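What follows is each chain in one-letter form.
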Protein chains: 8
Amino acid sequence: MDNKRDILTLLRAVASGEATPEDALLELKEAPFEDLGYAKVDFHRAVRQGSAEVIYGAGKTPEQISGIVAAMHGRGCGNILITRLSPEAARLVGESCELEYHAGPRLGIAWRRADTPALGHIVVATGGTSDLPVAEEAALTAEVMGNRISRVYDVGVAGLHRLLARLDTLMSARCVIAVAGMEGALASVVGGLVDCPVLAVPTSVGYGASFGGLSALLAMLNSCASGSAVVNIDNGFGAGYLASMINQMEGLKE
Amino acid sequence: MDNKRDILTLLRAVASGEATPEDALLELKEAPFEDLGYAKVDFHRAVRQGSAEVIYGAGKTPEQISGIVAAMHGRGCGNILITRLSPEAARLVGESCELEYHAGPRLGIAWRRADTPALGHIVVATGGTSDLPVAEEAALTAEVMGNRISRVYDVGVAGLHRLLARLDTLMSARCVIAVAGMEGALASVVGGLVDCPVLAVPTSVGYGASFGGLSALLAMLNSCASGSAVVNIDNGFGAGYLASMINQMEGLKE
Amino acid sequence: MDNKRDILTLLRAVASGEATPEDALLELKEAPFEDLGYAKVDFHRAVRQGSAEVIYGAGKTPEQISGIVAAMHGRGCGNILITRLSPEAARLVGESCELEYHAGPRLGIAWRRADTPALGHIVVATGGTSDLPVAEEAALTAEVMGNRISRVYDVGVAGLHRLLARLDTLMSARCVIAVAGMEGALASVVGGLVDCPVLAVPTSVGYGASFGGLSALLAMLNSCASGSAVVNIDNGFGAGYLASMINQMEGLKE
Amino acid sequence: MDNKRDILTLLRAVASGEATPEDALLELKEAPFEDLGYAKVDFHRAVRQGSAEVIYGAGKTPEQISGIVAAMHGRGCGNILITRLSPEAARLVGESCELEYHAGPRLGIAWRRADTPALGHIVVATGGTSDLPVAEEAALTAEVMGNRISRVYDVGVAGLHRLLARLDTLMSARCVIAVAGMEGALASVVGGLVDCPVLAVPTSVGYGASFGGLSALLAMLNSCASGSAVVNIDNGFGAGYLASMINQMEGLKE
Amino acid sequence: MDNKRDILTLLRAVASGEATPEDALLELKEAPFEDLGYAKVDFHRAVRQGSAEVIYGAGKTPEQISGIVAAMHGRGCGNILITRLSPEAARLVGESCELEYHAGPRLGIAWRRADTPALGHIVVATGGTSDLPVAEEAALTAEVMGNRISRVYDVGVAGLHRLLARLDTLMSARCVIAVAGMEGALASVVGGLVDCPVLAVPTSVGYGASFGGLSALLAMLNSCASGSAVVNIDNGFGAGYLASMINQMEGLKE
Amino acid sequence: MDNKRDILTLLRAVASGEATPEDALLELKEAPFEDLGYAKVDFHRAVRQGSAEVIYGAGKTPEQISGIVAAMHGRGCGNILITRLSPEAARLVGESCELEYHAGPRLGIAWRRADTPALGHIVVATGGTSDLPVAEEAALTAEVMGNRISRVYDVGVAGLHRLLARLDTLMSARCVIAVAGMEGALASVVGGLVDCPVLAVPTSVGYGASFGGLSALLAMLNSCASGSAVVNIDNGFGAGYLASMINQMEGLKE
Amino acid sequence: MDNKRDILTLLRAVASGEATPEDALLELKEAPFEDLGYAKVDFHRAVRQGSAEVIYGAGKTPEQISGIVAAMHGRGCGNILITRLSPEAARLVGESCELEYHAGPRLGIAWRRADTPALGHIVVATGGTSDLPVAEEAALTAEVMGNRISRVYDVGVAGLHRLLARLDTLMSARCVIAVAGMEGALASVVGGLVDCPVLAVPTSVGYGASFGGLSALLAMLNSCASGSAVVNIDNGFGAGYLASMINQMEGLKE
Amino acid sequence: MDNKRDILTLLRAVASGEATPEDALLELKEAPFEDLGYAKVDFHRAVRQGSAEVIYGAGKTPEQISGIVAAMHGRGCGNILITRLSPEAARLVGESCELEYHAGPRLGIAWRRADTPALGHIVVATGGTSDLPVAEEAALTAEVMGNRISRVYDVGVAGLHRLLARLDTLMSARCVIAVAGMEGALASVVGGLVDCPVLAVPTSVGYGASFGGLSALLAMLNSCASGSAVVNIDNGFGAGYLASMINQMEGLKE
């Protein structure tokens, strides 16, 4: 049972007499999550949506991660993303499941599904080469969620011609993810060039007064370009996830 | 001439021989903006999109604002939003144009159009009553851009029942704008309840360690709920604008 | 002699003639602490209260820690907590005393007492699995101080159903410790659901704009839920100690 | 109907057959809050607990505040606290209700009840005279919630004898609220002297590197005294509310 | 006597016997500054360079400012800049000298000289209209120091076509001053387009997470465009002064 | 009775039999402070030392200030300093006592004594004219405490010759107070030139990235000159008080 | 084709008929950069200017760095600077190209050219010996760009005589780079002594409240000396590059 | 020749004719420092004062440190302090000089002199055992500069009786160095108990919201106790040096 609309519906059914309390109880007992003690794992959502569920790998032991993956896979989940996964942890986790590991973004994809579609069009752009790990986290997240991705890398604003040379690609996107560290100006410039939503991802690339990504974060929050919003520093996953939601929006029915 | 795709097209037409340099020059001379000295005003975009163009009112004199409004209106623009507009400036600006002024959000709407549609469904939710001015900036922005808005105010997470009582409304949204100050938890809780994109707007409501909205901003950037992104503190306009873009997305064509 | 009420009483006894200055002097000479040069160790308090005394392990050499433990144990103390104790230091300290070491929270318990009671009811809740080390520091602290603990882990606000499924446990608590990193919203939501004091523990779990726990700290300080207070980032010990005091409050005598 | 335990009980009654869905529906319709559009006001809680409900006055218009007060009073609430209430707003609000206004702490108490008890013992201590407004917010809050208060003002740690002269009063407290700006050391010193919980309230008193209370806040969060926790800068209300909860704890039943 | 090279020369002359100690003493007595008690005013430099000397107006009384102006003018100085000069102070100062006051940048120019040349070419560009006051401080400073200025205002990066339309002007500059608030991206984009030094001036224009210009400052310090440097927030004077030095550099002699 | 050495002596006298408990009690009853309710005023110290006692004026009502002054004066105190005293408060306070008010430093001196000596030599130096108010707070504080003061104002490091011209005065000091805002370099340069202790006072003079004195504070804390220490931003009083203690040190007896 | 002036010229040639669209197309196809996938490398600029192009080494794999160097060298570039290059990466990169590696500043120079001139005069000064790595990054950058460099190291302001002893060297510079950590006062003092532009480079040298260079950065931004500007913390490259531009300015033609 | 008073005297002698320029030149040539290229070492000062000169070890290579030590020793210096000296560097430096190394404070003393006196009385107090390394840096610095030191360690304010038990020692000091991390309250409490100058040293001891010593630093800067000043975080050397200057002050001659 899904933990949102369905619970509401169930309660209404009880209240209206359509369902007996016994049935409701039974359905509720089929808990929408499994309690592993150290974690409470959501199954239904991932199964139903056919898309990626995510495990935040930092601060979890490899055993805990493996346990969560096993529980999810046991219920039929695939395309399970594990972010902030260290190479050592990946080696251990990979012993108990089919794991595709990307060392740059430190991202694991457990039980990747071959049949994932590639819908619509999301562009992932970066200011520099050093932003690639974060960009790849965004791109891979969106890919496993069923979106078509174009990578437009190293198009920082200090060399506008590199960006303008890819204007065609940018303009055909339904959503752009702009990944940049240092002064984070890419989001503003892209935001002024395209008509679709722009998701800005500040990165911790830089030194000195970049203060671990703070400079790019503040710049992106203050962007004078309309139509953009910001996710956490280095949060490629978050941008990829939201971009997928936007890219796959159904059209308005009038 | 639109300042994006069209310029590219024009340059290609020149390069390919489809357009003579003279024609191109002529079109380019019809500048895509009008230079008022203190401002360079974009016309075509607003005219073409039939939606709101925005003037950032802070730091501009009433004369400058009036000048920009006049230039835009002269080219056929309506629904011109003026943000951060003080009551005194509003009085002066209102002498030279038809101005609807909202004192709470300090928002002016010049030459509002009666024929604006109300498409789709955007929910604007607030944590408390004190967040209303920012919420109204978002709601009014989205309204003048042609969206249907539901206001779900004062549903902060410290009284979950108030939020759950409006679950139906929230779940029918195509995009939710979550406006909250202080601990900014509304975005996370809403993000966990709905399936659509959530745009988080931190507000400067609070005192002490809220540091002018910093606490809510950081909390929202660190939201553990997937599918959300953040705009600047008190930036109701930005959230309303992006929500409109998302709400009015065309469906994927397969 | 206890260093609080008793000193005052003694001085009064001297002043009122009930005690001779000689007796007072004698009692004062039995110093309420032992001076090891690098540390001044309080004995009486721990002996009298039968509860845990704490050694802050960071910045102390294993020799210093062992010396303090030995001095305390020599006076009859047990249940001696050593926080921020590295595995290497634990190995060395364990050579000279009976040490129970918890690697996750980096917490040592020297000379643990088997006869510790389990009074009342304290709930320790976490937003995620990665918050476990801090939560365990709180839970173990409260346990060795004689309290009954329920662990409710991984109930972050982005999946409300997980939290609501444990509502019974939460509502039966006399004090709740809410441990969360990132946006730290758990404290606010729990604070709105229960009637007892809520102690919020921000954790350094997160990345980017969590700034080492700052985001959770600020969010918790700005909680709109009444009846809560905050301890330092990752300070599980402090929360466990205060929760024990609250849980073991005597009832009001009218 | 109370919004916590009662809803759970009701749902169980429906599920177990003890209550008919119709009855449940009826009870649920008696909403636990009243929706004023700009605010959703909780009644049952305040009525049932006989204690103060609070309205955060900042960012609300006098009309909104008056409306909320009227709605609460209409349901039988008294002792309604209004924090951060400006003198001008107090004048306007006072026209439509019986309002006791305290200019120092900018605190209003609407429809104060004469029959409030004065139970247990809470001490409110301040570092200096300039901390009085915040201390009074705490003291008045706790008073209207039915607690006995002792005020121990201007006992900052730079003149220890002033604090030690009031040791008797401090030691008889069931909870101490330590209010201090600048270096905020009062909480640590008091925490080392008493055996009861200490709630630390940093104030924005000070200048320069006090950074609006940040210095006191950080000092209090880092207190080396066990048994204390911290509320937001200048949040006298929060400390008074939690102190009341602690002071009125029932004793453990064995 | 100039306070730099000349003093050294004088001392050498004494040491080498070219000047008698008496002569040296005499020259030294002609103090290179005049002590007004509250200020020590440098004359020689301004006289010799024929350019602007600056008085920082904030925190000085109108009497002090007038005194400094009078002392300078008495020694032949003109084009005396007074920054951060409030309108009220300007009125008072203007009573005792010939003062040209610019209300936008709050800049006074006392005893402006008609014969100031307009050498070379400095471009002052701004991101928005709200940056004008700071830009004018820079432009006026450079003008009174004898430079030719082109103003390129409201060419923020979210509308690149506005900037590109002025590329000719930008490229003919010997130094560009890029003035921008909010995300401060203008400096990076301009820096990538021109070959001359770019001086970046962050402004306090913006709200929320612009934190009084911090966002623009950090962005500019982290600019990925080579050939730029940054001055203090809102420091139009500093940029204008340095731009003048760069613009008037003598060519290398080989 | 003085609250320091004397209390200890008294307690020893009781313990050794030299004093009867009754005498001790009597002496202790002559409280070392007077409790005004809102303030606890120390008398003995000021009387004995013949020097200034200080009242921090901010956050106190004029009535409270007047009450404290009256209580002190009633016990024979003079030279009572009142810092952060607004002109309005000064007017009211001045109605009930003999008050010398300095508007620049916002400093009041109640019941100033004519017979104050002028011992030793303290130099107060400032970087600029705008630092005068803080410098005067330091200078006046030290003056009423009986020290001889030399004012060396507007000798900022960007014009070294102004500072070097006063080298004689600086070198004859027993303690130098270096007052500077902006980059706060004065303390380092002076510290490298003199042999006596240097007390650095950062001021909030400046704008933009001076962040209210933070830049000067950090610079002074990081001074590479040995022999200096720092007080709070704008804390002229603190520097003056400590400088007086240092200036009046007795010589070492061998 | 150069990506600046030349593109504009080309477009004008097309528009005016001087160039056929076909020619223009051809020239444009000779892309001004080479796309390596992970990087877009600018060639023409470096070739044409005969000066250094820079690769930011941090966050790039040795393979990526080698690839970029190879691409650049293949087009005739020399003097290729690689900043933030770790010793291990340097070893790997050095296997595929002629690499001069400087361990202190972690700077690589690939394919250094023997025929680089040494024009004009740039002084690089440091506050202390610990600032050398950053200073060397600046000095080497400027050297490979064809400038004559004087190193004036360890002349911090706490020992003015060391600085004054090198006054001759400083005064003969066309541009001074002032490198300092801690309190960063060197820039201000040097700025007051010389007549040429001063580029301030804050370094992360220091501890405690230097906060990784923040203290020096803020101090330098707030310098009261006119004629200076600031680059990012530890950004020796940026200062060296800009100093080269300034040093090699052509003289004004009248 | 000393670089202060003596230079001035020399110049005057030249000007007055007492010295010939030739003699002056000769004396000036005997440079007051030796230029090692990477460092400019001051000799005369250390020789003359018979006290410690300091080398800041961080960021210097062992070779550089050894070179400076050798140069100083060659001119007769002893008691050479090397702060922030890593154990590895100490081993290397120790090969070329007589080095006493203290691992806790990471402090080296090269060529320590046996005949150093122990004058006056300085107390070094710490809040906890973890503050010892910083306290020892202060104590050792003051010791090699010829002062008598009393160590009063682990007397934090949360256990006042430990501090009060050493009141005798504290009160006999001519200067107290108060070393504390976390909430840094020790300085305020000690400042209220003693009559001599108190130098506060914040330490980076702590975790979470201690932010590397920031909490203690701010608390100490905001101390409400008069007569204290603050040095940089962990700057034991600075406090020891200044305490020595104060302790060895000559008495006022009247």
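Residues numbered from 1 in each chain as written. Chains lettered and ligands numbered in written order. Predicted model: local features only at pLDDT ≥ 70, side-chain atom pairs only at ≥ 80, totals over all residues. Heavy atoms only, no water.

Looking at the overall build of chain A
Part 1 of the reasoning: Secondary structure assignment for chain A yields 11 helices and 11 strands.
Part 2 of the reasoning: Per-residue burial over chain A gives 65% buried out of 254 residues.
Part 3 of the reasoning: Taking all contacts inside chain A whose residues are at least 6 apart in sequence as the whole, residues at least 24 apart take part in 66%.
Part 4 of the reasoning: Of the roughly 8,400 Å² of accessible surface on chain A, a fraction of 53% belongs to carbon and sulfur atoms. (Helix = DSSP H or I, 4+ residues; strand = E, 2+ residues; numbered from the N terminus. Buried < 20%, exposed > 50% of the residue type's maximum accessible area, 1.4 Å probe, protein only. Contact = heavy atoms within 4.5 Å. Areas by Shrake-Rupley, 256 points an atom, 1.4 Å probe, with all protein chains shown as cover.)

Notes on the sheet that holds strand 6 (residues 107-110) of chain G
All names here are of chain G.
Part 1 of the reasoning: Across the sheet, which stays open at both edges, the four strands sit in the order 3-4-6-5 with mixed pairing between neighbours. Taken across any chain shown, the strands that pair with only one partner, and hence form the sheet edges, are strand 3 (54-56) and strand 5 (99-102). Averaged over all neighbouring strand pairs, the angle between strand axes comes to 20 degrees, with direction disregarded.
Part 2 of the reasoning: Relative to strand 6, strand 5 runs antiparallel, the two being bridged by four bridges. When the bridges of strand 6 are listed, Leu-99 appears paired with Ala-110.
Part 3 of the reasoning: Where helix 4 (residues 62-74) meets the sheet, its contacts fall on strand 3, strand 4 (80-83) and strand 6, and the angle it forms with strand 4 comes to roughly 165 degrees. (Pairing = 2+ DSSP bridges. Axes fitted to C-alpha atoms, helices over the stretch in contact; angles between N-to-C directions.)

Things to note about the interface of chain E and chain B
Part 1 of the reasoning: Contact with chain E, which involves 17 residues of that partner, is made by 22 residues of chain B.
Part 2 of the reasoning: Note on chain E versus chain B: buried area summed over both sides is about 1,500 Å², and carbon and sulfur give 58% of it.
Part 3 of the reasoning: For chain E, the biggest contributors to the area lost against chain B are E:Thr129, E:His161 and E:Tyr207; these three give 42% of the whole.
Part 4 of the reasoning: Where chain E packs against chain B, one counts zero salt bridges.
Part 5 of the reasoning: Where chain E touches chain B, the interface holds seven residue pairs in polar contact (both at pLDDT 80 or more).
Part 6 of the reasoning: Looking at side-chain class alone, the side of chain E that touches chain B contains nine nonpolar, five polar and three charged residues. (Buried area = accessible area lost by both parts, 1.4 Å probe. Salt bridge = Lys/Arg side-chain N within 4 Å of Asp/Glu carboxyl O. Polar contact = N/O pair within 3.5 Å; in protein donor to acceptor, adjacent residues only side chain to side chain. Nonpolar A, V, L, I, M, F, W, Y, C, P; charged D, E, K, R; others polar.)

Thoughts on the sheet that holds strand 4 (residues 80-83) of chain C
Residue and element names in this part refer to chain C.
Part 1 of the reasoning: Spatial strand order, 3-4-6-5: four strands in an open sheet with mixed pairing. Whereas interior strands pair on both sides, the edge strands pair on one side only; in this sheet they are strand 3 (54-56) and strand 5 (99-102). Between one strand and the next, the sheet's axes are offset by a mean angle of 20 degrees, whatever the strand orientation.
Part 2 of the reasoning: Of the strands in this sheet, strand 3, strand 4 and strand 6 (107-110) are in contact with helix 4 (residues 62-74), which crosses strand 4 at around 165 degrees.

Quick look at the pattern of salt bridges
Part 1 of the reasoning: With the rule as written, the count across this model stands at 64 salt bridges over all chains.
Part 2 of the reasoning: The closest approach of N and O atoms between D:Glu143 and D:Arg112, which form a salt bridge, is 3.8 Å. Of this pair, D:Glu143 sits in helix 6 (residues 132-144) while D:Arg112 sits in the loop between strand 6 (107-110) and strand 7 (119-126), and the two are 31 residues apart along the sequence.
Part 3 of the reasoning: A relative accessible area of 29% means that D:Arg112 is categorised as partly exposed.
Part 4 of the reasoning: Beyond isolated ion pairs, a larger network of salt bridges with shared partners links A:Glu100, A:Arg112, A:Glu136, A:Glu143 and A:Arg151.

Things to note about the relation of the copies chain E and chain B
Superposing the two chain copies requires a rotation about an axis and a translation along that axis.
Part 1 of the reasoning: Here chain E sits on chain B after a turn of 90 degrees about the axis and a move of 0.0 Å along it, with an RMSD of 0.1 Å. Here the two chains are linked by the operation of a four-fold rotation axis. Closest to the rotation axis within chain E is the C-alpha of E:Phe211, separated from it by 7.3 Å. (Least-squares fit on C-alpha atoms with pLDDT ≥ 70 in both.)

Remarks on the interface of chain A and chain B
Part 1 of the reasoning: Taken together, the contact between chain A and chain B spans 39 residues of the former and 39 residues of the latter.
Part 2 of the reasoning: For the pair chain A and chain B, the two sides together bury roughly 3,700 Å², of which 61% comes from carbon and sulfur.
Part 3 of the reasoning: Summed over the shared surface of chain A and chain B, the result is zero salt bridges.
Part 4 of the reasoning: Taken together, the connections running from chain A to chain B amount to five residue pairs in polar contact (both at pLDDT 80 or more).

Re the relation of the copies chain A and chain B
Part 1 of the reasoning: By a simple turn and slide, chain A fits onto chain B: the slide is 0.0 Å along the axis, the RMSD is 0.0 Å, and the turn is 180 degrees. The superposition of one copy onto the other is thereby described by a two-fold rotation axis. When each C-alpha of chain A is compared by its distance to the rotation axis, A:Gly251 comes out closest, at 1.8 Å.
Part 2 of the reasoning: The overlap is high: 100% of the interface residues of chain A also sit at the interface in chain B, so the same surface is used on both sides.

A short note on the pairing of strand 6 (residues 107-110) of chain F
All names here are of chain F.
Part 1 of the reasoning: In strand 6, alternate side chains face the same way, and those of Leu-107 and Ile-109 on one face and Gly-108 and Ala-110 on the other are all buried.
Part 2 of the reasoning: The pairing of strand 4 (residues 80-83) with strand 6 spans three bridges and is antiparallel. Its bridge partner lying in strand 6, Ile-80 is registered against Ala-110.
Part 3 of the reasoning: The turn joining strand 5 (residues 99-102) and strand 6, which pair antiparallel and follow one another in sequence, is formed by four residues; a positive phi near 50 degrees is taken by Arg-106.

Here we look at the environment of A:Thr126
Part 1 of the reasoning: In this structure, A:Thr126 sits in strand 7 (residues 119-126).
Part 2 of the reasoning: Those residues in contact with A:Thr126, other than ones at most four positions away along the chain, are A:Asp131, A:Leu132, A:Ala135, A:Val152, A:Tyr153, A:Asp154, A:Val155, A:Gly156, A:Val179 and A:Leu186.

A closer look at the side chain of D:Thr203
Residues and elements named next belong to chain D.
Part 1 of the reasoning: Note that Thr-203 resides in the loop between strand 10 (198-202) and helix 10 (214-221).
Part 2 of the reasoning: Look at Thr-203 and you get buried, because its relative accessible area is 0%.
Part 3 of the reasoning: Only 2.8 Å separates the side chain of Thr-203 from the side chain of Asp-131, close enough to count as a polar contact.
Part 4 of the reasoning: Once residues lying within four places of it in the same chain are set aside, the contact partners of Thr-203 are Asp-131, Val-134, Val-179, Ala-180, Gly-181, Gly-213, Ala-216, Ile-233 and Asp-234.

Quick look at helix 10 (residues 214-221) of chain G
Part 1 of the reasoning: Judged by how many residues are buried, helix 10 of chain G sits mostly within the fold: eight of eight residues are covered.
Part 2 of the reasoning: Within helix 10 of chain G, burial applies to G:Leu214, G:Ser215, G:Ala216, G:Leu217, G:Leu218, G:Ala219, G:Met220 and G:Leu221.

Notes on helix 11 (residues 236-247) of chain E
All names here are of chain E.
Part 1 of the reasoning: Its 12 residues give helix 11 an end-to-end C-alpha distance of 16 Å, which sits within 8% of 16 Å, the value for a rise of 1.5 Å per residue.
Part 2 of the reasoning: Of all 12 residues in helix 11, 12 are buried; the element is thus mostly enclosed.
Part 3 of the reasoning: Those residues of helix 11 not exposed but buried are Gly-236, Phe-237, Gly-238, Ala-239, Gly-240, Tyr-241, Leu-242, Ala-243, Ser-244, Met-245, Ile-246 and Asn-247. (Expected span 1.5 Å × (residues − 1).)

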